[in-house]
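# Residue-level structural notes
The residues making up each chain are set out below.
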Amino acid sequence: MPVTFSIKLFTRLAGLAVLIALICSLVLWGLSSVRYQAWQESLAEPLMTWLARIPSPEQHYHWLPRLYDFSIRPADELNLDAVAHERLSYGQTLVRSDQIGLRVVTARPSGGVLSMRLRHLYQDVAEATALVVMWHLNEMPAGERESAAGPLAATLGVRLVPLSHTDQLPAPEVLNRAWERNLAWYGDQSRGHVLLRLDDGSLMRMDMPPGFSALSWPVVLLLAGLAALVLLVAVRLLMRDLEHSLRSVESVAVRIARGDLEARVEPGQGNLVSRLARSFNGMAEQIQRLVAVQREMIHAVSHELRTPVARIRFGVQMIETARDEQALQRQLDGIDNDIQELDELIDEILTYARLEQGGPVFSLRPASVTGIVRQVVEEQQVLHPATTIEAVIPEQSELFAESDIEPRYLHRAIQNLVGNACRYASGRVRVSCLLDEENCRVDVEDDGPGIPEQEWEKVFSAFARLDDSRTRNSGGYGLGLSIVRRILFWHGGQSFVGRSDDLGGARFSLVWPRRQ
């Protein structure tokens, strides 16, 4: 996977993670604000409802005005909006904040609005509730307290637990504060408790409802669902672009299947589909080239086979009319030569087809290039005794003679070049090896008429025909140089043609990397 694609993918995932975190944070903040307001009102509602039912709470609980700025006033004096007035009419408890702290208000059934000011809502509500509970329990006979504690605690939204064992007692500092004030707050904002010391010295613990938690299970599930929804939308958008790109590839594949070999995919920029498009276009070009090669080969083979087949047919007819042994033998020799020509042509065609259709199974291994060159020179010298074939191998090249090659096919490539040069040379062919640590180069030169520069690229085409001296009369089928170029292609190299500066004829060069 390319580094640029990995970076882009990481950037997109990081951006998506930041987006999900931002959305979840905003939703959590909004939910927490609403939930915290609702929690505040639900926490204070039992106490305020209790006080609203008492005819004169400021007299009944004389400590309320002093400790909590308790008052009963008309609703118009509280500077509340229309929504707050409507909620008060429904009997709801409101918590409003100002510069001093929090003010808790609720409407009385008999008229007016109760108002209490609290600095720390959770602790102040707990202590105020504890004072109310303690006042009522102290007013009761000791025998009735336990039975009355349950209904009283349920009405005020708390839980009362008598402490009768030492292992139920809180820390000593809490006991000291309870001894001094008759009550002591302890715990934290997640779960608070108040220790009550009644008139008879008995201790009771009042447990408050749980404090506010921004992350409760419903909220966590909601945020998880929201994150999954955002992720689903992001993946859907990504898949939409990916699906669109894949559909374009699919449509081009359908067009190619219907015979439109010119169809190509428009590559995008910097994504996997663009790489797929480039690979697909490369495949389409290869298919188009192979189909063109196949058509050209079928046409050329039918043309190439026609001449020897016609000569064989003519020879067979001549055998029937032969009058003597010498004429019969001459016709048989001609037929044998034509069959040999057909065999060579078929071998050339099969080799070319294997190389064009994707190449043989190359088994590259270290082998001596100079050894192959000397072997080819010796073999061709036997076949062409009238031509002087020399191998020029500098001493420096011998040091780098070993290369990663397929010896049999490289032998075939050099053999094709040397044999081709011998057919057109006036009398001299030279094979040079120029090898170094990085590359290998083999040049085959002759002193023949050479090749016109405008024909240099054409000679590597299959079944190529050149004018003047390089025609079918001099032998060959127009496949030898095509085979050479394909062999060099599968070695990761190239083949070139030019003019020999020393001998004046053609010069063919093979260049490929020494190590694969």
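Let me sum up the structure you'll find in this document.

## A closer look at the overall build of the protein
If you tally the helices and strands in the protein, you get 14 helices and 15 strands. The buried share of the protein, reckoned over its 516 residues, is 41%. Long-range pairs, those at least 24 residues apart, make up 64% of the contacts in the protein between residues at least 6 apart in sequence.

## Re the packing of aromatic side chains
Taken as a whole and assessed by the stated rule, the structure comprises eight aromatic pairs. Ring centres of W39 and F212 lie 6.1 Å apart, and the angle between their planes is 50°; this geometry places the pair in the tilted category. One end of the pair, W39, is in helix α1 (residues 3–53); the other, F212, is in the loop between β8 (203–207) and α8 (217–257), with 173 residues separating them in the sequence. Taken together through their ring pairs, the aromatic side chains of Y36, W39, Y122, W185 and F212 make up a single cluster.

## Side note on the packing of helix α11 (residues 369–383) against helix α13 (residues 407–424)
Packing of α11 against α13 leaves a shortest axis separation of 10 Å and a crossing angle of 45°. Relative to α13, the element α11 lies oblique. Both α11 and α13 take part in a crossing whose hand is right-handed. Together, I372, V373, Q375, V376, E379 and Q380 of α11 and P407, L410, H411, I414, Q415, V418 and G419 of α13 make up the contact between the two elements. In terms of residue class, the contact of α11 with α13 is built from seven nonpolar, five polar and one charged.

## Some points on unusual backbone geometry
In most cases, non-glycine residues show a negative phi, while peptide bonds are predominantly trans. We note that D69 has phi near 50°; this positive angle belongs to a residue other than glycine. Residue placement: D69 occurs in the loop between α3 (63–68) and β1 (71–73). Positive phi values are uncommon outside glycine, yet N79 reaches one of about 55°. Locating N79 in the fold gives a position in the loop between β1 and α4 (82–89).

## What about the nonpolar core?
Generally speaking, a soluble globular protein has its nonpolar side chains buried in company with each other. Counting residues in each nonpolar core, the largest one holds 45 residues, and the members touching the most others are L51, M116 and L160. Sort the elements by how many residues they give to this core and helix α5 (residues 121–139) lands first, with 11 residues. Counting residues in hydrophobic clusters, the runner-up holds 44 residues, among them V369, I414, V459 and L481.

## Here's the deal with the sheet that holds strand β15 (residues 506–513)
Strand order in the open sheet formed by five strands is β10-β12-β13-β15-β14, with mixed pairing between adjacent strands. Looking along the sheet, the strands with just one partner apiece sit at the ends: β10 (388–392) and β14 (494–499). Geometrically, the sheet is characterised by an average inter-axis angle of 15° between neighbouring strands, direction not taken into account. The sheet contacts of α13 involve β10, β12 (428–435), β13 (439–446) and β15, and relative to β15 the element is tilted by about 170°.

## Some remarks on the pattern of salt bridges
Using the criterion set out here, one finds 14 salt bridges in the structure. Of the charged contacts, one joins R374 and E398 as a salt bridge, the two residues approaching to 2.4 Å between their closest N and O atoms. Of this pair, R374 sits in helix α11 while E398 sits in helix α12 (residues 395–398), and the two are 24 residues apart along the sequence. For E398, a relative accessible area of 31% puts it in the partly exposed group. For E402, the salt bridge is made with R515, and the minimal N-O distance between the two is 3.4 Å. Note that E402 is positioned in strand β11 (residues 402–405) and R515 in the segment after β15, a separation of 113 residues in sequence. The class of E402 is partly exposed, set by a relative accessible area of 41%. Residues participating in the shared-partner salt-bridge network are D69, R103 and R117.

## Re the side chain of D207
Locating D207 in the fold gives a position in strand β8. Judged by relative accessible area, which is 4%, D207 ranks as buried. Here R205 takes part through its side chain, which lies 2.8 Å from a polar atom of the side chain of D207. Discounting chain neighbours no more than four positions away, the residues touching D207 are V158, R159, V161, R191, G192 and H193.

## Digging into the sheet that holds strand β7 (residues 192–197)
One open sheet accounts for four strands, arranged β5-β8-β7-β6; its pairing is antiparallel. Edge positions in the sheet fall to β5 (159–163) and β6 (183–187), since each has one partner strand and no second. Neighbour to neighbour, the strand axes of the sheet diverge by 25° on average, direction disregarded. Where β6 lies against β7, five bridges are found, and the strand directions are antiparallel. When the sheet's bridge partners are listed, W185 is paired in β7 with V194.

## Points about α5
In a regular helix each residue adds 1.5 Å, so 19 residues correspond to 27 Å; α5 covers 27 Å between its end C-alpha atoms and thus fits that length. Among the 19 residues of α5, 16 are classified as buried, and the element is accordingly described as predominantly covered.

## Details of the environment of P65
In this fold, P65 is placed in helix α3. Here P65 falls in the partly exposed class, since its relative accessible area comes to 34%. For the pair P65 and R117, spaced 52 residues apart in sequence, the C-alpha to C-alpha distance is 9.5 Å. Apart from residues no more than four positions distant in its own chain, P65 is found in contact with E58 and F70.

## Concerning the pairing of strand β2 (residues 94–97)
Pairing of β2 with strand β3 (residues 102–107) involves four bridges; the strand directions are antiparallel. Bridging across to β3, R96 finds its partner in R103. Linking two consecutive strands that pair antiparallel, namely β2 and β3, is a turn of four residues.

## Some remarks on the environment of G112
Counting through the fold element by element, G112 comes out in the loop between β3 and β4 (113–118). When the C-alpha positions of G112 and A75 are compared, they lie 6.3 Å apart, and in sequence the two are 37 residues distant. If near-sequence neighbours (up to four positions away) are discounted, G112 is found in contact with R73, T106 and A107.

## A word on a nonpolar patch on the surface
Together, L231, V235, M239, L242, L246 and L276 give the surface a local cluster of nonpolar side chains, amounting to about 450 Å² of exposed area. Sorting elements by how many residues they give to the nonpolar patch places α8 first, with five residues. Along the chain, the position of L246 falls in helix α8.

The rules we used
Residues numbered from 1 in each chain as written. Predicted model: local features only at pLDDT ≥ 70, side-chain atom pairs only at ≥ 80, totals over all residues. Heavy atoms only, no water. Helix = DSSP H or I, 4+ residues; strand = E, 2+ residues; numbered from the N terminus. Buried < 20%, exposed > 50% of the residue type's maximum accessible area, 1.4 Å probe, protein only. Contact = heavy atoms within 4.5 Å. Phe/Tyr/Trp six-rings, centres within 6.5 Å; stacked < 30°, edge-to-face > 60°. Axes fitted to C-alpha atoms, helices over the stretch in contact; angles between N-to-C directions. Parallel < 35°, antiparallel > 145°, perpendicular 65-115°, else oblique. Left-handed = near helix turned anticlockwise from the far one by under 90°. Nonpolar A, V, L, I, M, F, W, Y, C, P; charged D, E, K, R; others polar. Core = buried A, V, L, I, M, F, W, Y, C linked by side-chain atoms within 4.5 Å. Pairing = 2+ DSSP bridges. Salt bridge = Lys/Arg side-chain N within 4 Å of Asp/Glu carboxyl O. Polar contact = N/O pair within 3.5 Å; in protein donor to acceptor, adjacent residues only side chain to side chain. Expected span 1.5 Å × (residues − 1). Patch = residues over 30% accessible without salt bridge, like charges linked within 9 Å, V, L, I, M, F, W, Y side chains within 5 Å. Areas by Shrake-Rupley, 256 points an atom, 1.4 Å probe, with all protein chains shown as cover.

The quantities given are spatial measurements derived from coordinates; they are silent on function.
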